[in-house]
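What follows is the residue order along each chain.
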Amino acid sequence: MMSMSQLLHPLGAILFFNNARDPRGRVFKWVPPKSGSYVSINAVFSRLFVGARSSSHGDFPPAGSNETSAKHKAFFRERGESDALPYIQTLGKFPKEELEDKVVMVRFDSAILLREDQDHTVQSNFYAHLTIKYLLEARARIVLVSDWNDGINSKFPDLQSVAEHLSLVLGVNVVPSHCLSHYSPPTEALEMVKVLLLENLSEFKEEVCNSLEFAETLSSGVDIFVNESFSQSHKVLASTVGVTRFCYSSIAGFHFEESLRKLKDVVENDKRPHIAIIGGTNLSNKAAALCSLASVCDGLVFVGMMSFQIMHALGLLVPINHLELGATKAASELVQVAQDRNIPILYPKDFWCLNENVPNQLELFPAHAISKGWMPVDIGPRTLDEIKTLLKKSKKATWTGPVKFKSRHSSAIGASKLACILNAKSQGDCDVTIVGSVACKTMTDESSSIPAFSVIENASVWWDFLKGRKLPGVMALDRAYALEVDWKSVYSEPAQPLVVDIGSGNGLFLLGMAKRWEHLNFLGLEINEKLVRRCLIAVHQSNLKNGYFIATNATSTFCSIVSSYPGDVILVSIQCPNPDFNKPEHRWRMLQKSLVEAVADLLIPNGKVFLQSDVEAVAVRMKEQFLRYGKGKLSISQAQDTTINRGWLEENPFGIRSDWEQHVLDRGAPMYRLMLLKSNNEQ
């Protein structure tokens, strides 16, 4: 068996260093945020603990973290552990040259691209169009897919009508295809056209079931998936989640990216004071989200049916028929969170009411003295004045939910006046965000100029995010690596030669290597975050100074991570890749052209690539991929006798096995191993 030094350093140039330094406590440092970049919600919630007691309206009292309740702290410890807004791979940061001649599926938002008004001053329109334009400029072949209303009264009764509309608004010929019904790959139709439109997904029940068989059919022949349907990101659909298992890259389009930025901004403490205006109903279902909102805002304003529940929790007399059944406890807890933080709670002081017996007869009543037989339909002028006063000093405002009450004759006057107040604020130095279709329409109708406010049209996504739920459509996309690695903190000797194990699993192989060869550094890249946490604990317990693990999708982040390493990359290993445990033939899908090219570029001359699998077809595929996409720099190592064992290495050259390799050998099955060498010729 060859020694490690022979394998990794044919010229014998092994570097030795002085005594190891203790690593610093902090491993990572933040890269300065760029436009459209995101950070973990952990970072957001870690800054939320400010608070004291409450007032009902008016000023913004100082907050004190010492007065935050223990229950409130526990709530945010739990929330802080949820990475609900990960840093994802985006179209703008994806190598543009990689898009050329690729089949790119775009899951577009029909609520945007199929609406009549395609005014590009509306941000959602602009970014949705930009994604398609960008892909066309990159010479990608595009497959469009979405769902839409195609009923009798719909503007789009059939696929052809949708294709004609998209051709008009996108300025490119969009060709309809019925390949889903005929189970034929869309790539066949793309031979003659640039943009293909698949059938209405609402016609397939497999879509909402996230059927993997349907997702595989949908993505047949597709290389890259681009998600632009942010409004569906809270759902588990075949077209937003399932397809990502069959595409080698799954990334966010420009509209999706911008929508994520807006979502993050809602809970970011960048501008204070921040006032949240909350309409609508169903407090009990939104309790966790409202507590979350109360913990990042500097004031709460209730303008819908929910306001009666808040008034009741504050000890005010409220007619029982205005209260939501079973929401008393949730309302009390929400009020407690606000009181702990000493933020004002504003509720309606007057209502326009409708006489139940005399249609269209309106009268103004104080909130605490609504006469019998009268039903509230709108907020009154005193309430609007108090809202305007509270907003005077605000630098940030968020409005979600309609100004709506139980009566079917609800007035829109209060909502319109509230929209005028917020429109005026948005034209100044206040960042205004509008959430939900009703509030968005009201604001748009009242806006006489180019909108200066941000819009999150689907309130369900927003509520789920504030509840701490992971959004399936976001989590399914590839991760980008948002942190710059501080190599001096990771390794005691950061210039030592580096060995990278892609798909390091539970780290048994890499940890064993790090213990045996202290003069080398070892880095494991693994997509499973739980396994990475266990590996980092093992590194700490073993007091290793030359081993480290990063949770990431190496297919898309290998280059950005490893290219910053200050020393030489001498070995890259990929062992038994298996992203899809149910389908062995998909095990090689992580090994894509972009990854192979990055490995070939970053290895030093005479550096090596070690490949092995227990499935011969997978090993053959890996070998073919590296030889095909290695830019002519990689070849089978001369130390490997291709006439023996059908060209596979008989033994593991390192003498250290991964747990899966040991499992395979224990059951008497073979392993298929290969060592590739990077040429010393730098032409």
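This text goes with the structure placed above it.
Let me begin by describing the structure that accompanies this report. (Residues numbered from 1 in each chain as written. Predicted model: local features only at pLDDT ≥ 70, side-chain atom pairs only at ≥ 80, totals over all residues. Heavy atoms only, no water.)

**With respect to the side chain of Thr 90**
Reasoning step 1: Looking at where Thr 90 falls in the secondary structure, it is placed in the loop between α3 (70-80) and β2 (103-107).
Reasoning step 2: Residues contacting Thr 90, with those up to four places away along its chain left out, are Ile 251, Ala 252 and Glu 257. (Helix = DSSP H or I, 4+ residues; strand = E, 2+ residues; numbered from the N terminus. Contact = heavy atoms within 4.5 Å.)

**Section: the packing of helix α24 (residues 593-602) against helix α25 (residues 616-629)**
Reasoning step 1: Two numbers describe how α24 lies on α25: the axes approach to 9 Å, and their chain directions differ by 65°. Crossing of α24 over α25 shows right-handed handedness. Every residue of α25 that contacts α24 at Lys 593, Val 596, Glu 597 and Val 599 is listed here: Gln 625, Phe 626 and Tyr 629.
Reasoning step 2: When the residues that make up the contact of α24 with α25 are grouped by side-chain class, the tally is four nonpolar, one polar and two charged. (Axes fitted to C-alpha atoms, helices over the stretch in contact; angles between N-to-C directions. Left-handed = near helix turned anticlockwise from the far one by under 90°. Nonpolar A, V, L, I, M, F, W, Y, C, P; charged D, E, K, R; others polar.)

**Section: empty space enclosed by the protein**
Reasoning step 1: Applying the stated criterion to the full structure yields three cavities of 30 Å³ or more.
Reasoning step 2: Each pocket or cavity is described by its volume, and for the largest cavity that value is around 60 Å³.
Reasoning step 3: If you trace the largest cavity, you find it lined by Val 106, Phe 108, Asp 109, Ile 112, Leu 113, Ala 128, Ile 132, Glu 228 and His 255.
Reasoning step 4: Every element with two or more residues in the lining of the largest cavity is listed here: α4 (110-113) and α5 (123-137). (1 Å grid on protein atoms, 1.4 Å probe; cavity = no way out; pocket = protein on both sides within 12 Å on 5 of 7 lines; lining within 4 Å. Points joined across faces, edges and corners; volume = space filled by probe spheres on them.)

**Section: a positive patch on the surface**
Reasoning step 1: Taken together, the side chains of Lys 470, Lys 530, Arg 533 and Arg 534 make up a positively charged region of the molecular surface.
Reasoning step 2: Within the secondary structure layout, Lys 470 lies in the loop between α18 (459-466) and α19 (472-475).
Reasoning step 3: What makes Lys 470 partly exposed here is its relative accessible area of 44%. (Patch = residues over 30% accessible without salt bridge, like charges linked within 9 Å, V, L, I, M, F, W, Y side chains within 5 Å. Areas by Shrake-Rupley, 256 points an atom, 1.4 Å probe, with all protein chains shown as cover. Salt bridge = Lys/Arg side-chain N within 4 Å of Asp/Glu carboxyl O. Lys, Arg positive; Asp, Glu negative; His and termini not counted. Charge placed at Lys NZ, Arg CZ, Asp CG, Glu CD. Buried < 20%, exposed > 50% of the residue type's maximum accessible area, 1.4 Å probe, protein only.)

**Description of the sheet that holds strand β5 (residues 195-197)**
Reasoning step 1: Spatially, β4-β5-β3-β2-β6-β7 is the arrangement adopted by the six strands of the open sheet, whose pairing is parallel. Across the chains shown, the open sheet's two edge strands, defined by having one partner strand only, are β4 (174-176) and β7 (249-252). Here the average twist between neighbouring strands, direction ignored, is 25°.
Reasoning step 2: Taken together, the four bridges between β2 and strand β6 (residues 224-227) define a ladder with parallel strand orientation. Bridge pairing links Val 104 to Ile 224 in β6.
Reasoning step 3: Across the sheet, helix α6 (residues 159-170) is in contact with β3 (141-145), β4 and β5; its angle to β4 comes to roughly 175°. (Pairing = 2+ DSSP bridges.)

**As for the nonpolar core**
Reasoning step 1: Formed by 63 residues in total, the largest nonpolar core has its most connected members in Met 105, Leu 198, Leu 218, Leu 293, Leu 300 and Trp 462.
Reasoning step 2: Considering every element that reaches this core, the biggest residue donor is helix α12 (residues 283-294), with seven residues.
Reasoning step 3: Sequence-distant contacts of Leu 300, defined by excluding residues within four places in its chain, comprise Ala 276, Ile 278, Ala 294, Leu 334, Ala 338, Ile 343, Pro 344, Ile 345 and Leu 346. (Core = buried A, V, L, I, M, F, W, Y, C linked by side-chain atoms within 4.5 Å.)

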